[in-house]
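# Residue-level structural notes
Take a look at the letters that make up each chain.
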Number of protein chains: 2
Amino acid sequence: MNIGKAAKLSNLTVKTVRYYADIGLVKPLKNCSTGYRDFSDDDLAQLQFVAKARKFNFSIQECEELLSLYSDKNRSSKEVKALTLDKISEIDAKLIELKDLRRQLSFLANNCKGNDRPECPILDALADV
Amino acid sequence: MNIGKAAKLSNLTVKTVRYYADIGLVKPLKNCSTGYRDFSDDDLAQLQFVAKARKFNFSIQECEELLSLYSDKNRSSKEVKALTLDKISEIDAKLIELKDLRRQLSFLANNCKGNDRPECPILDALADV
DNA sequence: ATAAACTCTCCAGTTAGTGGAGTGTAAAGG
DNA sequence: CCTTTACACTCCACTAACTGGAGAGTTTAT
């Protein structure tokens, strides 16, 4: 199938699919005469896999690893689980950071009157070394 | 003062300070003969302000806005508060997204035995359109 | 035959820096 | 005074993961 159809069926943009092909994440055949990429059903499955993995916050590189595990019939599920647990840890770290940030910003915002006067504890806090 | 001292006192790297000068976030004087940047105390204060605002997740562009509010003695605190509340909303959205992601990944990881066998519900989920 | 829709490649831009090459300047030690 | 070391400079390339657009060729529908 052409790139447009592959993109539609994987919920990716044509640009993104082309990008994935450029970096070798999928390897569609190319029609020599027209230069059009030709995506097989397997290529499509890979695109769909990657689209889903990206939604789960896996990086492109991690998507490659997952893809190769996916196609490796001798894989052990613990490898996949390890990647997933790492990702969860990453998310946990980010959550902690963001929660702390939110707490601090809320504190500042709560102390700021938010009126037409110039006095502002938020700016004061930013200026305070 | 030279860039090295300014960097140290603002907890930024020399590279970063140079970058901030390049994009006009600070405007140190330049020694014509040597080409060395010369940071005043005010320049340093700006760097410290930006360093702190960046830690609070404000983008460079938002830092510029905050800086201009900071130096505007006719500002109204509600402008600053609005920026801060926007930032908090942004963080909230991100928190929701990450929490949901974490929930889904945990669910998958919990269902994966993580042994030497190839069967893996995580990969199954990624492959499932 | 022509117009619309689709595809291609190539280049540039996005964020907020970071790394390195090659070169010039300043301060300290001998 | 000379040399080493530390610091400074510019310029270019690179990061992640695309996105936008130009200019050109192809396919499909009217």
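Note that the structure is predicted; figures quoted are calculated from it, not measured.

### Some details on the relation of the copies chain B and chain A
Taken as rigid bodies, chain B and chain A are interconverted by a rotation of 180° and an axial shift of 0.0 Å, the fit giving an RMSD of 0.1 Å. Look at the turn and shift together and you get a two-fold axis relating the two. For chain B, the smallest separation between a C-alpha atom and the rotation axis is recorded for L95 of chain B, amounting to 3.2 Å. With an isologous cut-off of 70% or more, the 100% of interface residues of chain B that recur at the interface of chain A puts this contact in the isologous class.

### A look at the protein's contact with DNA strand D
Taken together, the neighbourhood of DNA strand D is formed by 18 residues, with K15, T16 and Y20 of chain A together with G4 and K30 of chain B sitting nearest. Interatomic distance of 2.4 Å between a side-chain N/O atom of K15 of chain A and a base oxygen of DNA strand D. I60 of chain A is positioned such that a nitrogen or oxygen atom in its backbone is 3.4 Å from a phosphate oxygen of DNA strand D. Secondary structure elements with two or more residues in the surface near DNA strand D: α2 (14-22) of chain A together with α1 (3-10) of chain B. With four residues, α2 of chain A is the largest single contributor of residues to the surface near DNA strand D.

### Here's the deal with the interface of chain B and chain A
Across the contact, 51 residues belong to chain B and 51 residues belong to chain A. Carbon and sulfur atoms supply 70% of the area buried between chain B and chain A, which totals about 4,700 Å² over both sides. Put simply, chain B and chain A have four salt bridges between them. A salt bridge links D116 of chain B to K78 of chain A; the shortest N-O distance between them is 2.7 Å. Linking chain B with chain A are 22 residue pairs in polar contact (both at pLDDT 80 or more). Mapped by element, the contributors of at least two residues to the side of chain B that touches chain A are α3 (41-55), α4 (60-71), α5 (77-111) and α6 (121-127) of chain B. Tallying contributions element by element places α5 of chain B first for the side of chain B that touches chain A, with 21 residues.

### Focus on the protein's contact with DNA strand C
In the vicinity of DNA strand C, 18 residues are found, and the nearest of them are G4 and K30 of chain A together with K15, T16 and Y20 of chain B. Close to the protein, within 4 Å, the atoms of DNA strand C belong to sugar or phosphate groups at a rate of 70%. Measuring from a phosphate oxygen of DNA strand C, one finds a side-chain N or O atom of Y20 of chain B at 2.6 Å. A distance of 2.8 Å separates a phosphate oxygen of DNA strand C from a polar side-chain atom of R54 of chain B. Put simply, the parts of the chain that give the surface near DNA strand C at least two residues each are α1 (3-10) of chain A together with α2 (14-22) of chain B. If one sorts the elements of the surface near DNA strand C by residue count, α2 of chain B sits on top with four residues. Of the residues belonging to the surface near DNA strand C, the class tally is six nonpolar, seven polar and five charged.

The rules behind each value
- Residues numbered from 1 in each chain as written.
- Chains lettered and ligands numbered in written order.
- Predicted model: local features only at pLDDT ≥ 70, side-chain atom pairs only at ≥ 80, totals over all residues.
- Heavy atoms only, no water.
- Least-squares fit on C-alpha atoms with pLDDT ≥ 70 in both.
- Contact = heavy atoms within 4.5 Å.
- Near = heavy atom within 4 Å.
- Polar contact = N/O pair within 3.5 Å; in protein donor to acceptor, adjacent residues only side chain to side chain.
- Helix = DSSP H or I, 4+ residues; strand = E, 2+ residues; numbered from the N terminus.
- Buried area = accessible area lost by both parts, 1.4 Å probe.
- Salt bridge = Lys/Arg side-chain N within 4 Å of Asp/Glu carboxyl O.
- Nonpolar A, V, L, I, M, F, W, Y, C, P; charged D, E, K, R; others polar.

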